[in-house]
Amino acid sequence: MSVSEQFKPAFLEDVVGDRFGRYSKYIIQDRAIPDVRDGLKPVQRRILYAMYESGNTPDKPYRKSAKTVGDVMGNYHPHGDASIYDGMVRMAQPWKMGHVLVDGHGNWGSQDDDPAAAMRYTEARLSPIAMELLRDIEKDTVQFRPNFDNTDKEPTVLPARFPNLLVNGVSGISSGFATEIPTHNLREVIDACTALIDKPAMELDDLMQIVHGPDFPTGGIIMGEDGIRDAYRTGKGRIYIRAKTEIEDIRGGKQQIVITEIPYQVVKARLVTSMENIRLEKKVDGIAEVRDESGRDGLRIVVELKKDADSTGILNYLLKKTDLQIVYNFNMVAIVNKAPQQLGLKPMLEQYVSHQKEVVTNRTRYDLNKLEDRAHVLEGLVKALDILDDVIATIKGSKNRQDAQANLMDKYGFTERQADAILTLQLYRLTNLELTALTKELDEIRKKITEFRSILDNERKLFSVIKKELNEIRNKYGIDRRSVIQGEVEEIKVNLEVIVNAEDVIVTLSNEGYIKRTSLLSFTRSGGEWEGSGVKEGDYIRHVFEVNTLDRLLLFTQRGQYFSLPVHLLPEFKWKDNGTAIVNVIPIGKEDRIVSVIPVKSFADEHSSLLFVTRRGQVKRTLLKEYETNRSGAIAACKVANADEVLTVLPSDGSHDLMLVTKLGMSIRFAEEEVSLMGRAAGGVRGIQLKEDDEVAAAIQVIGDEGEITVMSDLGWGKRSLLLDYPTQGRGGKGIATFEFKEGKRVKPNGSRLIGAFFSKTAYPITFITDAGHAHTLLTEQAPLMDRKAHGRSLVPMDKGEEIAATVVIGPRGD
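Residues numbered from 1 in each chain as written. Predicted model: local features only at pLDDT ≥ 70, side-chain atom pairs only at ≥ 80, totals over all residues. Heavy atoms only, no water.

The next point concerns the overall build of the chain. Tallying secondary structure elements over the chain gives 19 helices and 40 strands in all. Taking 815 residues into account, the globule formula puts the C-alpha radius of gyration at 28 Å, and the chain, at 45 Å, lies well above it. Each principal axis of the C-alpha atoms in the chain carries an extent, and together these give about 165 × 75 × 65 Å. For the chain, the proportion of its 815 residues judged to be buried stands at 48%. Put simply, of all contacts in the chain between residues at least 6 apart along the chain, 71% involve residues at least 24 apart. Looking at the chain as shown, the accessible area adds up to about 40,200 Å², and 48% of this sits on carbon and sulfur atoms. Charged side chains of the chain number 111 positive and 119 negative; the gap between the two group centres comes to 2 Å. (Helix = DSSP H or I, 4+ residues; strand = E, 2+ residues; numbered from the N terminus. Rg over C-alpha atoms; globule rule 2.2 N^0.38 Å. Buried < 20%, exposed > 50% of the residue type's maximum accessible area, 1.4 Å probe, protein only. Contact = heavy atoms within 4.5 Å. Areas by Shrake-Rupley, 256 points an atom, 1.4 Å probe, with all protein chains shown as cover. Lys, Arg positive; Asp, Glu negative; His and termini not counted. Charge placed at Lys NZ, Arg CZ, Asp CG, Glu CD.)

Two modes of strand pairing occur in sheets, parallel and antiparallel, and in both the strands are linked by backbone hydrogen bonds. One open sheet accounts for four strands, arranged β24-β21-β22-β27; its pairing is antiparallel. For this open sheet the edge positions go to β24 (594-600) and β27 (635-636), each flanked by a neighbour on one side alone. With six bridges connecting them, strand β21 (residues 552-557) and β24 associate as antiparallel partners. Looking across to β24, one finds that Leu 555 is bridged to Val 597. (Pairing = 2+ DSSP bridges.)

A surface patch of nonpolar side chains, about 440 Å² in accessible area, is lined by Leu 12, Val 16, Phe 20 and Tyr 23. The topology assignment puts Tyr 23 in helix α1 (residues 12-32). (Patch = residues over 30% accessible without salt bridge, like charges linked within 9 Å, V, L, I, M, F, W, Y side chains within 5 Å. Salt bridge = Lys/Arg side-chain N within 4 Å of Asp/Glu carboxyl O.)

Attention now moves to helix α11 (residues 311-321). Burial runs high along α11: eight of the 11 residues are buried. Among the residues of α11, those classed as buried are Ser 311, Gly 313, Ile 314, Leu 315, Asn 316, Tyr 317, Leu 318 and Leu 319.

Side-chain positions along a regular strand alternate between the two faces of the sheet. Of all six residues that make up β21, six are buried, and the element is covered over most of its length. Burial along β21 is two-sided: Arg 552, Leu 554 and Phe 556 facing one way and Leu 553, Leu 555 and Thr 557 facing the other are all buried. Pairing analysis gives five bridges linking β21 to strand β22 (residues 561-566), with the strands arranged antiparallel. The residue bridging Leu 555 from the neighbouring strand is Phe 563, located in β22.

Right, let's get into the UniProt feature "active site" (unreviewed entry) in the chain. Residues annotated in UniProt with the feature "active site" (unreviewed entry) correspond here to Tyr 121. Tracing the chain through its elements places Tyr 121 in the loop between β2 (102-105) and β3 (123-126). A residue is classified by how much of its surface remains accessible, and Tyr 121, at 53% relative accessible area, is exposed. (UniProt positions renumbered as here; feature names shortened; annotations may be inferred.)

Soluble globular proteins tend to pack their nonpolar side chains together in the buried interior. Counting residues in each nonpolar core, the largest one holds 127 residues, and the members touching the most others are Leu 48 and Leu 101. Among the elements that take part in this core, helix α12 (residues 345-386) stands out by supplying 16 residues, more than any other. The contacts of Leu 101, once residues within four sequence positions are left out, are Leu 40, Leu 48, Met 91, Leu 126, Ser 127, Ile 129, Ala 130, Leu 133, Phe 162, Asn 164 and Asn 168. With 17 residues, the next largest nonpolar core counts Val 507, Val 547, Leu 555 and Ile 582 among its residues. (Core = buried A, V, L, I, M, F, W, Y, C linked by side-chain atoms within 4.5 Å.)

Here Val 336 shows up in strand β15 (residues 333-336). A C-alpha to C-alpha distance of 16 Å links Val 336 and Val 359, two positions 23 residues apart in sequence. Excluding anything up to four places from it in sequence, Val 336 contacts Val 36, Gln 341, Leu 343 and Gln 351.

The sheet built from four strands is open, its strands ordered β20-β18-β19-β23 with antiparallel pairing. The sheet is open, and its two edges are formed by β20 (541-548) and β23 (580-581), each paired on a single side. Where strand β18 (residues 504-510) and β20 come together, seven bridges link them in antiparallel fashion. Note on β20: the bridge partner recorded for Thr 508 is Val 544.

Pairing is possible between side chains that carry opposite charge, provided their charged atoms lie close to one another. Summed over all chains, the structure comprises 51 salt bridges. The partner of Arg 45 in a salt bridge is Asp 38, with the nearest N and O atoms 2.8 Å apart. Grouping residues by exposure puts Arg 45 and Asp 38 together as buried. The network of salt bridges with common partners includes Glu 132, Arg 135, Asp 136, Arg 161, Arg 363 and Glu 469.

Another point: the side chain of Thr 194. Secondary-structure assignment places Thr 194 in helix α7 (residues 186-198). Here the side chain of Thr 194 touches Asp 191 through a polar contact of 2.8 Å, landing on its backbone oxygen. Ignoring sequence-local partners within four residues, the contact set of Thr 194 consists of Lys 467, Leu 470 and Asn 471. (Polar contact = N/O pair within 3.5 Å; in protein donor to acceptor, adjacent residues only side chain to side chain.)

Right, let's get into the confidence of the model for the chain. When the pLDDT values of the chain are averaged, the result is 90; 98% of them are 70 or greater. Per-element averaging of pLDDT across the chain places helix α18 (residues 496-499) at the bottom with 68 and β3 at the top with 97. (pLDDT = per-residue confidence, 0-100.)

Another point: the packing of aromatic side chains. What the rule picks out here adds up to 15 aromatic pairs. For the ring pair Phe 556 and Phe 612, a centre distance of 5.4 Å and an interplane angle of 85 degrees mean the geometry is edge-to-face. Within this pair, whereas Phe 556 is found in strand β21, its partner Phe 612 is found in strand β25 (residues 609-614), the two being separated by 56 residues in sequence. The pair Phe 556 / Phe 612 is uniform in exposure class, with both members buried. For the pair Tyr 562 and Tyr 627, a centre-to-centre distance of 5.1 Å together with 75 degrees between the ring planes defines the contact as edge-to-face. Linking Tyr 562 in strand β22 with Tyr 627 in the loop between β26 (618-623) and β27, this pair joins segments that are 65 residues apart in sequence. (Phe/Tyr/Trp six-rings, centres within 6.5 Å; stacked < 30°, edge-to-face > 60°.)

This is the structure:
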C-alpha cells in the first residue's frame, strides 16, 4: 500500500461534526447574518464595493446590472450569479428598504411579488445614500483582506457613515441562527446615536423616547409597545402590523373599505386574492367587489360593500382572516467580533458608535499623515527659496540628479523627501507670487494638522466630528416617519352576524343520530308537518328545534360531556332528506349518545342555568354562561359516577319546581332553587333517594298548582293526575307514589316500569315507539284523570310481548 493510499480511522460523527461546524461557521459569518457595524451581509457589501470601485456612482450614467454581477462574481463572490443579482434587486426595491442602496433603472419587480427582469435588461448605479456607506473607504478607515483568489483586496466592513443595520433592517436564515431586524426611521436612529454619544449611560426608556419603534417603508399601523420594548431590551419581541384603512361612503347609500397602506413584506396580489376568495366563497355576506386600484398615485385597494352591509364588522373579519394584519417577530441577531449575538437597541447603537469612532480615528490619522508629509515638503521648498542662489549653484555643480540630491542633503540639511521635491520644482515656482502661495498653503496645513492632532488627542472633539457628520446625513436624507405607532394591541372582534347570513331554520336529530338543518321554505314546500321529516327506515325524530343560524346548539351526552355546535355549521338538507350522521359533525364516541339538545341565542343572561338529572337521581344546576366555548371537541359538562349516566339536561331560570319520576312509580317535587349553583365539572347532589333496583325515568319542570301529570308504563298503561296532588317536598327524600303496578297471577298486568312522565296545561300529542318499531300517537287529554296512586288504563294497543321503548314529543308542549 502506497503512502497516498493509507487510511486513518475516524468516527463518522467526528467527521460530520467537523465538516458541518466549518460549513455553519461560513454560513453564519459570510452569508446570512449581517455585520453589526455596517448592517450588510457579505454579498451586499461586495456589490456596493464593486460598484464603487468601477465608478458606478450616482453622478454617472446607469450601467448594465449584468456587468456589476460579473464584477462581483469574478473579483469577490465566487458563487452563482442568481444569489448576487437577488441581493442587488432587494437593495433596489423601495418597499423592502428604508432607503434604497441601489438606484435601479428598468423592471426591478413589484409589490405584487413580480420578479425583476433578467440582469441583462436592467441597469443600476449606487444611490446617493449608498455613497455614505462607502465614504472615506480609500483613507484606510477599514481593514481589507485578500479576495478568494488573492488577486485583489476587499473590505471586511464598510465605513457606514449612517447606522444602516437599523435604518434598512435585514432578514436572514443560517444554520442554527436566524435574524429579523425591521427598518427604522433615519432621523430617529441618528438622533439616538448622538444622544448616546452625549450620555453613554442612557437607559432604554430614554432611548425609546427618541426611537419610537420600527418605521416600515410600506407604512401601516404598528401595535404593541410592550413588544417593541421587549425587542429593544432583549433582541426578541412581537408586534402587530395593521394596514391603513378607511371606510368611505359611496353612491346609493353603500360603503367601501379603502386600503392605502399594507403591512411590511405582505404581497399585495396575494392579499387581494385572499379577500376576493372570501367574497367568492361567501364566507362573509356583504362584499360586492374587490378591486386593486394601485397606480402612480400609490397603493389603493378597494373592497366595495353591498347596501346595508356591516362595514366595521367586515373590516374586522378581513383584519382577522387575511394579511391586512400580521404578526412581526423581532429577532435582532448580528455578527459582533466574528460571532453572532442577539442584541437590543442600546448594544446595537453602542457597536455602531464604536465603529464610527474607529473609522473617524483612522481617517483623521490618514489625513494627518498626508498633511504632515505635505507640510514637510513645503517647509523644504520655502527654505530652498530663501537660499535659492546657493541651492541653484549647488545643483549646477553636481554631476547628476543623485549627486545633486546628496549635496543638498549634506550642505543644507534637507531630508531626502525635501531634496527630491526641490529637484522636481518647476522654474515658474521660483517667482515671488509662488513663494507667497507656498507660505500660505503651509500655514493652512499647519492649522489643519493642529486640528487633526487635537481630534486624535481629545475624545470629546472626535465625538463632536462624528455627531456633526451624522447630523449632516440626517438633514440631507431624513424623511418623515411612515408607520404609525399605537401603544395597545387592539383586539379584533368579529360578530357572528358578519360571517353568517341570519336565517330561521329547523334542526332535527333522529334516534339513530342523524342530524340536519332545513330552511323554512323546504319545510313549507314539503307540507309543513312536523311528523313529515325524512328518516331512515326504522328510525324516528327525537329532537326538533326552530332556531336561527346565529344560534348555537349545546349537545349533551349520557357520559356527562357536551359539544358546542354553531347552527350555521350544520349541513343543510331538504326536509325529506335523512340528514348526516352526527359523527360527521361532532367527534362523539361510538359508546356515547346524545340525551339532550339545548339551543342558545346568548350566554350573557346571568339568571339562565342548566339542570342536569342522572339515572341514579343526582341533580346539578350550573350557570349557562359557563358552557360558552369556541372549542369543537368534547368538553366535560357534568361529573358522572361509573354506574350512572345523564338522563336529561333542562334549561332553567330557577323559578320552576323539578319533578323526578322513577321507573318503579315514585316521584318527588322540589324547588329548583334547592339545587345550589355549582361549577361546570361538578357532580351534583341527591335529588331523590332511590330503592336499590330503581332509577329515574323522567324529569319534568312544573310550576304552580295548575295542570296535570301524565305517566305511561312500558305496557302502554297510563293516566293523568292533578299537579295539585304532588306537594312540594325537600330535595333528597324518597318521594311519593305516582302509579301503582298490578300484582298477582290472575290480574292483567299494567306494566313493570314507567317509561315517561309529562306535564300539561293544554293537550298536546305524545308519540310512543315500541320495541317492534310501531309508533302510536296519543293526546295527553286522552289519558283518564285518576288518583295519583291509580293503576291507569290501557291506552296504547300492544301485541303480546311488545313494550314501549321510547317516547317522543314533537312540536310545542301544552305547558
